[in-house]
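Structure assessment
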Amino acid sequence: MTITLTRTQAPVVVDEEKCIADKGCTVCVDVCPLDLLAIDMVKNKAFMKFDECWYCMPCEQDCPTGAVHVNIPYLVR
Ligand code: SF4
Ligand code: SF4
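Residues numbered from 1 in each chain as written. Chains lettered and ligands numbered in written order. Predicted model: local features only at pLDDT ≥ 70, side-chain atom pairs only at ≥ 80, totals over all residues. Heavy atoms only, no water.

This brings us to the overall build of the protein. When helices and strands are counted, the protein shows 2 helices and 4 strands. Reading the secondary structure of the protein in the N-to-C direction produces β-α-β-β-α-β. The 77 residues of the protein split such that 34% are buried. Within the protein, residue pairs in contact and separated by at least 24 positions form 50% of the contacts whose partners lie at least 6 positions apart. Counting every atom, the protein has about 5,600 Å² of accessible surface; 56% of that belongs to carbon and sulfur. (Helix = DSSP H or I, 4+ residues; strand = E, 2+ residues; numbered from the N terminus. Buried < 20%, exposed > 50% of the residue type's maximum accessible area, 1.4 Å probe, protein only. Contact = heavy atoms within 4.5 Å. Areas by Shrake-Rupley, 256 points an atom, 1.4 Å probe, with all protein chains shown as cover.)

This is the structure in C-alpha cells:
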C-alpha cells in the first residue's frame, strides 16, 4: 500500500473547458470572501490562487457554467 501525505489537488478546481473567464466572467473571483480565486492572465481561465478555502461554496454555486468544483474534505462535511 502506498501512503501519500502530499495533497495532489487544490480544494477548488476549475474545469477550464467550461470556464468562460475569456468572455469576461469573474463571478467566482468576485464572490469569494477570502479572495482565493483569480483569473490566469495567460490562459484566461479562473484558478485557485491561495489554498485557504473555507468551503463556503458561493464560487461553485454562482458559476454560470458549473465550472467550479469545491472538494470538501471528509472531516468538514
Ligand atoms: S464563475 Fe465560472 S465561468 Fe466565471 S470565471 Fe469563475 S469558473 Fe470561470
Ligand atoms: S468555497 Fe468559499 S472560500 Fe473557498 S474558494 Fe469558494 S468562495 Fe472562496
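Anyway, onward from the coordinates.
The subject of this paragraph is the site of ligand 1. Around ligand 1 lies a shell of 13 residues, among which Cys19, Ile20, Cys25, Cys28 and Cys63 are the nearest. Of the residues contributing to the shell around ligand 1, the split by class is 12 nonpolar, 1 polar and no charged. (Near = heavy atom within 4 Å. Nonpolar A, V, L, I, M, F, W, Y, C, P; charged D, E, K, R; others polar.)

It is worth spelling out the pairing of strand β3 (residues 45-48) at this point. The side chains of a regular strand alternate, residue by residue, between the two faces of the sheet. The pairing of strand β2 (residues 37-40) with β3 spans 4 bridges and is antiparallel. Within β3, the position partnered with isoleucine 39 by the bridge is alanine 46. Here β2 folds back onto β3 in antiparallel fashion, the turn holding 4 residues, of which asparagine 44 has a positive phi close to 60°. (Pairing = 2+ DSSP bridges.)

What the rule picks out here adds up to 2 salt bridges. A salt bridge links glutamate 16 to lysine 43; the shortest N-O distance between them is 2.9 Å. Linking glutamate 16 in the loop between β1 (12-14) and α1 (27-31) with lysine 43 in the loop between β2 and β3, this pair joins segments that are 27 residues apart in sequence. Residue lysine 43 is classed as partly exposed on the basis of its relative accessible area, which comes to 47%. We note a salt bridge from aspartate 22 to lysine 45, for which the minimum N-O separation is 3.4 Å. Here the residue aspartate 22 occupies a position in the loop between β1 and α1, and lysine 45 occupies one in strand β3, the gap between them amounting to 23 residues. (Salt bridge = Lys/Arg side-chain N within 4 Å of Asp/Glu carboxyl O.)

What follows concerns the nonpolar core. In a soluble, globular protein the nonpolar side chains are often hidden away together inside. One finds Val12, Cys28, Leu37, Cys53, Val68 and Val70 to be the most contacted residues of the largest nonpolar core, which totals 20 residues. Setting aside residues up to four positions removed in sequence, valine 70 forms contacts with Pro11, Val12, Cys53, Tyr55, Met57, Cys59 and Glu60. (Core = buried A, V, L, I, M, F, W, Y, C linked by side-chain atoms within 4.5 Å.)

We now examine the site of ligand 2. Taken together, Val12, Cys32, Pro33, Leu36, Cys53, Trp54, Tyr55, Cys56, Met57, Pro58 and Cys59 form the complete shell of residues around ligand 2. Counted by class, the shell around ligand 2 contains 11 nonpolar, no polar and no charged residues.

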